[in-house]
Structure formats: structure tokens, C-alpha cells
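Geometric and topological summary
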Amino acid sequence: MTGKRQVYTARAKQSGEETKPRKKREPQDSPARRTRGATRRAPEEKTEETALKRAQERRAAPAARRQKREREKAGTMARERKRVLVRSGGFGVMLIALLTAVFDALGLLLCAVRTEGVLDAQALTMIAVMAPLALLTTALLPRVAPVDPLLMALTNFLCGVSVVILYTVSPDRGVRQMVFYVAGLFVMLVMALVVSRLHRWHGLTLLAMVLGIGALILPLAFGEWNYGAKNWVSLPLIGSFQPSELVKLSLLLALAYYFGAHRTVLQMMPALLFAAACLGLLMLQRDLGTALIYYLTTLALFYVACGNMPLTALGLGGGVAAAVLGYQMFAHVKVRVAMWQNPWSDALDKGYQIIQALLAIGSGGLFGVGLGQGTPEKIPAYYNDFIFAVVCEQLGIVFGICLIAVYVLLVLRGIEVSMRSRRSFDLLLGCGVMMLLGVQTFMIVAGVIKMIPLTGVTMPFMSYGGSSLISCMAMMGMMHGISGRTREEMEEEILTARA
Amino acid sequence: MRVIRRRIRLLVMMLLCMFALMIAYFCYSVYFYGGRWVSNVHNPRIADGKQKVIMGTVTDRDGTVLAYTDEVGERQYNSNLQTRMAVCQVVGDDGGKVSTGVDTFHAQYLLGFKASVFERISDAITGTPQRGDDVQLTISERLSRYISEQFPEGKRGAVVVLNYKTQEILAMVSLPQFDPTDMDDALSDEEAGALVNRATQGLYPPGSTFKIVTLASVLTNLPDLEDFSFDCTGYYAVGNYAVTDASAHGMQTLSQAFRNSCNTTFAALSQELGYEMLGETAQRLGFNQNFLFKDLIVYNSSYPIDNLSAEDLAWSSVGQGRVLATPMHMAIIASTIANGGVMYEPRLLKSITTVQGGERALPRAQEPQRVLAQSVAERIEEEMVRVVTSGTGTRAALSNGYVVAGKTGSAEVSDDKSVAAHAWFVGYITNDNAPYAISVLVENGGSGGSVAAPLARKVLQKAINIGL
């Protein structure tokens, strides 16, 4: 039964196009659907209660009727399953997965035969990992776990590009990035299962908040200054990592939990205080880019949850004031702004990085100098903050714009997934994840192309680094979990409606 | 929930707008600056490229080779020293010391960065070593050499000759010059500034040649002032200071004031115009504009628009004070008048030939812009012709029916000890069969009428003789 149920879940996880005809059909099928529609408008907690009550009623129904219903269910499920088999994942999604696999395979193959007469076995091994992973996670994973195929395919694409590009420039980093990617997939799965199954979040949220504050204190206590910030810490067993990346998850959880269940500003306080504490610690770490991401995410979710325009404006004003203060206080912020206005004024020192990035982008031209060609390693920090410039040099500006488009698509799909959710917790969590990723992508890409001052945050999925990639994959896990739970709830609704 | 969804939609729309803006900005900056990024002297890829790629040949408009790469991969320049030096700043050098030279600025062609995927693949298959495109420039080596010879001995300065019909730069000469085959010598005396192309990078007060702009502003904004007359006493008090002339011109009409280059009259006119109108005309004519020409780098000319004082405005109107322009910009203004008020982008690239022998498309110039009304431009031409027939610029006049329109300038520059004047002449031949615009600047040369104008006449005569 559970097996069938999962298959059914997978079927329900198809894109919106399939839910539409179903919606049209349902009102004719059952008048019960209409009454449910009415209850759905009631506050969220009530819906949960009614759902529970209904489940109890179902269990209490006479055995004969239940059997009959089960038979019917099995029949519908068989039919649905047939449709799933025909249209697994959807054509577009499979196309993206296929493209990703081909890109990974060809790119790494090129690296493998790069040196004449020597076949790079490492690259070949990587093909054997990357290409099947791209296909399997998109085609099979959604059938056995709560995973949204389109989100999965887009994530795979971004990670694949990252691994290939990093491998061409610096093979060691490419290999490690692949390891992080695989680890990230597991983290994603775990997160997806937790989010889709867990119903009581109170304890976990509290734990995440405590751990989050603790993690942010770590670098201040044990970290070392580098690039004007103190945001890395090295721990035994785990190795060195960036806590501010992982605490993003705590922040999202806290915001979604306290903003989702409560309506007044006072009740939202725990999350706001937590966010403020994070911001303070990040300021102390001088990790202003990440602080900006935290701040914008909090502000966005605050507005979404309570819609209190005056307070949001106040928060915005506070942020602007803090930014001005930060500009006055921190010398390196002033340098960043000056180098944004005119990097050529100090082309060999302070403006070197951004200028080298622009030169790399320009040298690549529309279609790039070719994978593995060019000299992107001239850009300091090419492998994390400036990976976008490397992509543009090697694969061209057109590809760079397509990459931005992929991020936009990812955000849109994520928002679509969360919009369909039935609980405000899911809705806010999904929206928070997508806002965070969107803002972060914007900040770094716009920084690299000198549209805004450089903020030194990582490019989600693309930048080299375990903390960043795993945190992004965990966020995607949240999205998958939300989509999984929504599907399950929808399915339950349909079944009850049919019954 | 519904209201939450609505707010989320709003936020997503904002995020999408940001991304759209980012892509638009990206396209814009790549389109306008992409070429400059590639050819920047800080780009390590150019030096790298030179190791791997055979750099293309640079020729002048007649096909004379100015720079080429020999069999052992060394960059060589024209064998004649005079030619080498006459075009040195335009062509540039191997080490990228002249950042605006063709060897650096157009390295993306010369090093084959613009080669398409197919060309690269065909190169790889046929096994030919990678070779960059050949670039033909619009400049004439003969005219450039002639200008270098005729330029006042020991003086610094620049001469620009444009064809105002085709927008081709026929000559762009800057003095002092250096020999690109002997860079040690050039670098040992960097103080002299031979590595700077004064025609495009030198910012000078335009002096009285700026009266073309002031006149344009008067004719555009205050047409009633046609019959204006002013009694020049050689002294015009404005604010706490005064604008002076070398001598009193007496009663001056607008036309006479332009012909005699009367500062006081123009200072008085500037007070009528006000800083806004004059500033607007100056900016329309390219002052304070970022010239993003595709073929060459021209530094921005500046005109003060901050309305500092009436006195500042008065000095600005006669091209002194804080007004600065490059000789190239003044040549562009002359050719704008010649074209009836339409401003074009000057071109330096005549053709680009690929290794396979095909022609590569030239970068597209900006759309021509009408910056002055036809009637205004015609009136200015009339006045400029009078300057040469009976004004300060008589020594620029050509014989054989060629009519020259022009304006002289003696821009005063003061350093601590002395007050010297940069000699200017800006003008063009009005005849259709010799559409040449010229801008001459001799640093500390003295009066424009006696130093720059005769040089302009010689250069224009030579251009006619060569028949460019």
C-alpha cells in the first residue's frame, strides 16, 4: 500500500499543468469538494483540525464501505500510475536533465583529453558520477522521495556547470566541489523528508535558533581574519567551514515558524530578535554581504507575513541608516564603494579584482573563448565570488545571461511550489528560501558586472565551497519537502473528495 | 493566506524587475565597454595572446605597412623612421605603453579574439598557426609624415584631419613623438609625454575656438541678438573681475566680434545667454560627454555647468577658465558645422581582413545626431568663412577656389612664471571635392592666427594635393 501511495505521490508531484484539469473535473465529481473549498478559506489551524477530524471519521466508517473505497482507490491509482509512466517528469524537465548530463559528460571529457597523449582518469570517473546523477535524480528520485523534478533538474544544471568549470581551471577544486555536491544531495534528501513529514516544528526551531547563535559565535571566538572578515572557522572532524552559510537555514526556519503561526508583531518577536542577533554577530564578523542577505530576507518575510507597511518602511529605513553607518565605520566598505564607482583609479591594487573580472568577461565575448581556455585564474577569488566572470570568459556572455535566466526560472518554480502549499509555514519557508537565493544571486552577479558595489557573497550552487553548496542544497531540500507535503495534502483531498 | 500570496507575488515581481535590470545593464555595459575591457592595458590576456598568436598587420589607408609581425614572431614597425614616428601614438607599441594605440586598443582583432568558432575549428584542422586579423586604418601615412615635418620646430601639440563626409580620420599626429623600435629611449624621457596621444588625450583650454559653441548657442537660443552690437573697450567688468581683450575693438556687431575674436563682446553675450543655455549647447556639442567611440578612445572634454559665478560664465564663453577640450573634439565640432549641424562618430578602422581573406564587419558607429539646426550651422559657416577671408584667420586661406571656414584661438594658460598661449586653428574646407576638417593645436605656440592658421593651410593644401 505504501509503495503505491508513494507512486501516487510522485504522480501528484507533476507540474501544475496536471492539477488544472483535475481541478476542473472535481466539482462535477463531488459536491463535497465545494464544501471543502469553503473550509479552506478558514484560518490555517482550523484546516488542520478538520483534516484530522475527517481522517478519524474515515477510520470509523463501516468496514464494507471502506473496502469498497479502497478498491476504488486502487483502481484510480492504477490509472494515475499509468499516466505517470507515460509522462515521467515531463518532457521539458527530462530535456534539462539530459542537457545537464550531456554538458557534464562532454565538458569533463574535454578535460580528460586536454593533455595530449594522457587520458585523465579522474575526469572520466567524474563523468561516471555526474552524468548518471543528473539523470537519475531527475527521473527516478521524484518517484521514491518528495522531490520536485523541475527544481531538481535546474539545481543539477547549476551544480554541473560549477563542477565542470571549476575542474577546467583547478581540478582539485572541481573534484571537491563534486564531493560537496553529492553530499549536498544527501542533505537535500534528508531535509526534504524532514520538512515533508514533520508536523511539529516548535522544538526543532528552538534548537536551530540556539545552534545558529552558537555557530555564529564560533568564528568570532576561534576564527581568523581573512579578506577583511572573520567568518570562517575550523573545527575538528568537520574541517573549516562558514557558519553564516548554514545559519541561513536556522533563520529561514525561525522566520517561517514565528511569522507563519502568529499574527501580531509581538508574537513575531522571537524570530525578529533572532534575526537581529544574527545581524549583530555578522556585523561583528564584518561579513556585511551575508548580513545584507539576512536583513533583506527578514524584511521580505516580515512584509509578506504581516503586511504592515509602516513597520516595513521603518525596517527599510533602519537598514539604510545601518548601511550609511557601516559605510562611515568600515574602511573596507568605503574602498568597495570607491572601487565600484571607479575601479580604474587603482587598477593594480584595490580595483584589481573587479577590473580583472570585467576584462575576463570582455575577453570572452559573446560566445566565450571556449571551455578550459582563457586565463580566468588571473582574477583573485575566481573560484568563489567571481565564478560568474569565469563562466562568462569561457562560455561567453550569452551563456552567462542564460545562467541568470536559469536562476530566475529556479526562483519562479520555487515560488510556484510554495504558492500551492496549504500552510502558511510552508508558504513562508518556501518564499523565504527563494527570496534569499534570488537576492544572493542578484547581489553577487550584479557585483561582478560592476552594477552595484561588490558584496563578497557566494553565488548559490556555483561558487566553490562546501558550506555554501550544502546550505543551498539544504534549502532546496526544504523546497522539495514543501512540494512533497503539498502533494500529499492535495492527494488526500482528492481521495476524500472521490470517496 | 490569499493576502500573503498577493504580497509574495509583489515581492517576486520586484525581484524579477531587479534581474531584468541586471541583464539590461549587463548587455549595455558589454556592448559599450566590452571592447575596451578586452583592449585594456591591464588585460593579461593580450600579453598571453602575443605568445601564442601571430599578431596581424596594421596598414594605412594606402596599404603602407605600419606594423607587422616578422617570421620569428617579433613585432616590427615601418622601416622609415619618419613614418614610424609620425604614426607612433596611433599605432602604439608592442609593450602596451601607449594604451590607446591600435596595437593595444584593437588587439582583439589583431590577436584574433574576434575569430568565430568555425574559423578556430578550421584553423585547428588545417594546422595553421593561429593568426590575428589584419587591420587597415583610415589615416594616411604621407599626410601624417608631412604634418610632423611642418610642425613648428621643437613645439608640442597635435593636428587632426578628418574627412567630414566619410568621418574617416585622415591624420592624427601628436608631438613630441617616439620611435616604437627604441622604447628604452621613449621611456627614459617619459616627462616629455611622447607616449600620450595629444590629439585624443590632451585636454586644453579651447580658447577662442570655443566661440563657435557660444555663437551656436546665441543663434539657437537668442536669434534676436543677430543685430546686437557692443562697444568693445578692451575691458568688460563682470562680477569682481573683468574679461579683457588685447586691444579695444570699438563698436562690434555679432559678426564682427566673431571675426575679430572679441572677448568682451562674447563675455557680454554669455551674460545674456546664462549658464543654462550655453551649458546646454556645449553639452549637445559633446562637452562633458563620455565619447564611447568604437574605433578610438577620446578623453572627455569638460565644460563647467555648476554656475559658479558670472565671471566664470564669461570666461567659459571664450573657452578659458575651466573649459577643456581635446583637439579631436574640436575637429569633430568643425565637421559637425560642415555637416549642417549633424554630429558623427569619427572612424579609424577602414577595414579588417581575416586570415582566410574575408572582410570582418566593422564595429557599428553610433547613430549620427542632429545637434544644431541646419540654419544655425549655415550661419556659423558663413561667419567662419569670414574669419578666414577677412578676420583673424586670413593666413589659413587657400587659393584655387577652395574656401576655408575656420576659427582661430589663442588660449591663455598660465603657469607660475609666464602667461603663454596655445595656438589653435579649427576649421574645414567648404568645397565638396575636398571635405577636410582640421584642428591644429600648438602648445605655447603664440597666436592662433599667426602660428596655427598657416600650418592648417599647409596641411589642408597637402591633403588636397595627395587627394585623399
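Look a little higher up for the structure.
As a starting point, this report considers the structure included with it. What you see is a predicted model, and the numbers here were worked out from it, not measured in a lab.

Quick look at the overall build of chain B
Along its length, chain B carries 17 helices and 17 strands. Radius of gyration (C-alpha) of chain B: 25 Å, near the 23 Å computed for a compact globule of 468 residues. Out of the 468 residues in chain B, the part that is buried amounts to 53%. Here the analysis covers contacts within chain B between residues at least 6 apart in sequence; of these, 69% occur between residues at least 24 apart.

Considering the pairing of strand β17 (residues 436-442) of chain B
Residue and element names in this part refer to chain B. Within β17, seven of the seven residues are buried, which leaves it mostly tucked inside the rest of the structure. Neither face of β17 is open: one carries Tyr436, Ile438, Val440 and Val442, the other Ala437, Ser439 and Leu441, and all of them are buried. Summarising the sheet, strand β5 (residues 157-163) and β17 pair through seven bridges and their orientation is antiparallel. Within β17, the residue paired with alanine 158 across the bridge is leucine 441.

Examining the sheet that holds strand β3 (residues 75-77) of chain B
Residues and elements named next belong to chain B. Judged by pairing direction, the sheet is mixed, and its six strands sit side by side in the order β3-β2-β1-β4-β12-β13 without closing on themselves. Every interior strand has two partners, whereas the edge strands, β3 and β13 (359-360), have only one. Here strand β2 (residues 65-69) pairs with β3 via three bridges, running antiparallel. Counted as the bridge partner of tyrosine 68 is glutamine 76 from β3.

Describing helix α16 (residues 374-390) of chain B
Across its 17 residues, α16(B) extends 24 Å between first and last C-alpha, which sits within 8% of the 24 Å expected from 1.5 Å per residue. The set of residues buried in α16(B) consists of B:Val376, B:Ala377, B:Arg379, B:Ile380, B:Glu383, B:Met384, B:Val387 and B:Val388.

Concerning the interface of chain A and chain B
Residue-level contacts link 35 residues of chain A with 29 residues of chain B. Mapped by element, the contributors of at least two residues to the side of chain A that touches chain B are α14 (288-306), α17 (352-364), α19 (397-419) and α20 (424-448) of chain A. In terms of residue count, the dominant contributor to the side of chain A that touches chain B is α20(A) (eight residues). In terms of residue class, the side of chain A that touches chain B is built from 25 nonpolar, eight polar and two charged.

Quick word on unusual backbone geometry
Of note, the bond from B:Leu175 into B:Pro176 is cis; its omega dihedral lies within 30 degrees of zero at 0°. The topology assignment puts B:Pro176 in the loop between β6 (169-175) and α9 (183-188). Phi angles above zero are rare outside glycine, and A:Arg286 is one such case at about 65°. Tracing the sequence through the fold places A:Arg286 in the loop between α13 (265-284) and α14. Here the phi dihedral of A:Phe461 falls at roughly 70°; this positive angle occurs in a residue that is not glycine. For A:Phe461, a count of 27 C-beta atoms within 10 Å corresponds to the buried category.

A short note on the environment of B:Val323
Residues and elements named next belong to chain B. Following the sequence through the fold, valine 323 ends up in the loop between α14 (310-317) and α15 (327-338). In this structure valine 323 comes out as buried when scored by C-beta crowding, with 25 C-beta atoms within 10 Å. As for valine 323 and methionine 384, which are separated by 61 residues in sequence, their C-alpha atoms are 21 Å apart.

Brief notes about helix α13 (residues 263-284) of chain B
When the terminal C-alpha atoms of α13(B) are compared, their 23 Å separation across 22 residues is substantially less than the 32 Å that a helix rising 1.5 Å per residue should span. Along α13(B), the sharpest kink reaches roughly 100°, centred on B:Gly274.

Things to note about the packing of α20(A) against helix α21 (residues 466-498) of chain A
Residues and elements named next belong to chain A. Direction vectors running N to C along α20 and α21 enclose 150°, while the axes themselves pass 10 Å from each other. The handedness of the crossing between α20 and α21 is left-handed. From α20, Asp426, Leu429, Gly430, Val433 and Leu437 reach across to α21, where they touch Cys472, Met475, Met478, Met479, Ile482, Arg485 and Thr486.

Re the nonpolar core
When a protein is soluble and globular, its nonpolar side chains tend to lie buried together. Core analysis: the largest hydrophobic core is formed by 273 residues, its most contacted members being A:Leu255, A:Ala389, A:Leu428, B:Val160, B:Val161 and B:Ile438. The leading source of residues in this core is α20(A), at 17 residues. Apart from the residues lying within four places of it in its own chain, the contact partners of A:Ala389 are A:Ala357, A:Ala360, A:Ile361, A:Pro376, A:Ile379, A:Tyr382 and A:Val448.

About the cut-offs
Residues numbered from 1 in each chain as written. Chains lettered and ligands numbered in written order. Predicted model: local features only at pLDDT ≥ 70, side-chain atom pairs only at ≥ 80, totals over all residues. Helix = DSSP H or I, 4+ residues; strand = E, 2+ residues; numbered from the N terminus. Rg over C-alpha atoms; globule rule 2.2 N^0.38 Å. Buried ≥ 20, exposed ≤ 12 C-beta atoms within 10 Å, placed from the backbone. Contact = placed C-beta atoms within 7 Å. Pairing = 2+ DSSP bridges. Expected span 1.5 Å × (residues − 1). Nonpolar A, V, L, I, M, F, W, Y, C, P; charged D, E, K, R; others polar. Bend = angle between axes of the 7 residues up to and from the residue. Axes fitted to C-alpha atoms, helices over the stretch in contact; angles between N-to-C directions. Left-handed = near helix turned anticlockwise from the far one by under 90°. Core = buried A, V, L, I, M, F, W, Y, C linked by C-beta atoms within 7 Å.

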